[in-house]
Amino acid sequence: MMEATSQEKPTFPRLGQPAPAFEAQTTHGVLRLEDFKGSWLILFSHPADFTPVCTTEFVAFAEIAPELKKRNVELCGLSIDSTYSHIAWIRNIEQHFGVKIPFPVIADLNKEVATLYGMIMPGESKTETSRCVFVIDPNGILRAMIYYPLTTGRNMQEILRLVDALQTTDKHGVATPANWKPGEKVIVPPPATAEGAEERMKAGFETKDWYFSKKAL
Amino acid sequence: MPCIDSSGDLTEMARKILAAMAGPAPLDEISEKTGIPLYRVRSAARELVDAGLAEERDDSYAVSASGHAAILGSTGKA
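Residues numbered from 1 in each chain as written. Chains lettered and ligands numbered in written order. Predicted model: local features only at pLDDT ≥ 70, side-chain atom pairs only at ≥ 80, totals over all residues. Heavy atoms only, no water.

> What is the right way to read the overall build of chain A from this model?
A tally of helices and strands in chain A yields 5 helices and 10 strands. Considering only C-alpha atoms, chain A reaches an extent of 65 × 55 × 30 Å along its principal axes. Long-range pairs, those at least 24 residues apart, make up 66% of the contacts in chain A with a sequence separation of at least 6. Here chain A contributes 23 positive and 26 negative side-chain charges, whose respective centroids are spaced 5 Å apart. (Helix = DSSP H or I, 4+ residues; strand = E, 2+ residues; numbered from the N terminus. Contact = heavy atoms within 4.5 Å. Lys, Arg positive; Asp, Glu negative; His and termini not counted. Charge placed at Lys NZ, Arg CZ, Asp CG, Glu CD.)

> I tried to follow the environment of proline 191 of chain A on my own but got confused; where do I start?
All names here are of chain A. Topologically, proline 191 is positioned in the loop between strand E8 (186-188) and helix H5 (194-200). C-alpha separation for the pair proline 191 and isoleucine 87, spaced 104 residues apart in sequence, amounts to 52 Å. Among all residues touching proline 191, those that are not within four sequence positions of it are Gly196, Ala197, Arg200 and Trp210.

> Which parts of the structure should I look at to understand the pattern of salt bridges?
Two side chains with opposite charge may pair up if their charged atoms get near one another. Residue and element names in this part refer to chain A. Under the definition given, this model contains 16 salt bridges over all chains. When the shortest N-O distance is used, the salt bridge between glutamate 23 and arginine 32 registers 2.6 Å. Classification of arginine 32 as partly exposed rests on a relative accessible area of 26%. Of the charged contacts in the structure, one is a salt bridge between lysine 100 and glutamate 94, with a shortest N-O distance of 3.6 Å. Since its relative accessible area comes to 60%, lysine 100 is described here as exposed. The exposure class of glutamate 94 is partly exposed, given its relative accessible area of 34%. Several salt bridges converge on common partners, so that one network encompasses Glu67, Lys70, Arg71 and Asp164. (Salt bridge = Lys/Arg side-chain N within 4 Å of Asp/Glu carboxyl O. Buried < 20%, exposed > 50% of the residue type's maximum accessible area, 1.4 Å probe, protein only.)

> I tried to follow the interface of chain B and chain A on my own but got confused; where do I start?
For an interface, size is often stated in terms of accessible area lost upon the parts coming together. Taken together, the 8 residues of chain B in the interface contact 13 residues of chain A. Carbon and sulfur atoms supply 46% of the area buried between chain B and chain A, which totals about 870 Å² over both sides. Counting the contacts that link chain B with chain A gives 1 salt bridge. The interface formed by chain B and chain A holds 6 residue pairs in polar contact (both at pLDDT 80 or more) in total. Residues that form the side of chain B that touches chain A fall into these classes: 4 nonpolar, 1 polar and 3 charged. (Buried area = accessible area lost by both parts, 1.4 Å probe. Polar contact = N/O pair within 3.5 Å; in protein donor to acceptor, adjacent residues only side chain to side chain. Nonpolar A, V, L, I, M, F, W, Y, C, P; charged D, E, K, R; others polar.)

> Even after reading the chapter, I still don't get the confidence of the model for chain B, so can you show me in this structure?
Detailed reading of the predicted model is not advised wherever pLDDT is low. Residue-level pLDDT values for chain B average 88, and 94% of them are 70 or greater. Considering only residues more than four positions removed or in separate chains, one finds that residues 74-78 of chain B, a stretch of pLDDT under 50, has 15 contacts. (pLDDT = per-residue confidence, 0-100.)

> I tried to follow the nonpolar core on my own but got confused; where do I start?
What tends to happen in soluble globular proteins is that the nonpolar side chains get buried as a cluster. Residues and elements named next belong to chain A. Ranked by internal contacts, the top residues of the largest apolar core, which has 31 residues, are Ile42 and Phe103. Mapped onto this core, the elements with two or more residues apiece are strand E3 (40-45), helix H1 (52-70), strand E4 (73-79), helix H2 (83-97), strand E6 (131-136), strand E7 (142-148) and helix H4 (156-172). With 9 residues, the top contributor of residues to this core is H1. Apart from the residues lying within four places of it in its own chain, the contact partners of isoleucine 42 are Leu68, Val73, Glu74, Leu75, Cys76, Val133, Phe134, Val135, Ile159 and Val163. (Core = buried A, V, L, I, M, F, W, Y, C linked by side-chain atoms within 4.5 Å.)

Right under this line is the structure:
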């Protein structure tokens, strides 16, 4: 006879919607999502403290923290470990790698935040969070998500590039093409009417066709 | 806790924040004045209000009588 198993339906946040609210114990005390209002927030999860790939990522996140700060972005880590484990690991990183971790880390022992954000991929692990990144804007709207597997460390330059792209979109009302980097030309949103398409051809942008225009900022 | 340590003393961060609340002042101003990130100031303000050391008045925060006593107290016990 087959044993019945209870399976919770995983929830996933949606782009363009308010990021799920939370209150959590962190290495900086009890924090709520709303505490970050007015700043961009990169909420990221890692599988476990005292593991090698996660250690390289924490060092790398700490290294880009000053660049993120310039962009009004705060960082907040998360894993299903205790605050004491986080503190011990952070101190260990400072001792062995000479890097101080400046951002808070959520101790999500009851998996509350991990479940809200769909950070647990049971196909990979039922007890660890995958390598997720959630970019939340100053109004608390979820703007981008990245999911990496347990085995693969994230690319910090891509995270910086993503933040730059989102902030450029907000500031200038444009989109950004593949592999875009700050300083490069951006995409002018395509016109939505036939008249607009006609006008676009004479608008003075770098235009391949009515739907494909670029401009320098 | 970030504001009150295990022996009941105010932490350095709490003292800085309470000193900046002498005004009273809104939290973003306190963050700017102390150099403590706004998210930490918001969290600390909650803790200080819960502990009776600060009071919220029209979107600004001020040190309470107990807060003053805690700052001035020789042991700083909260």
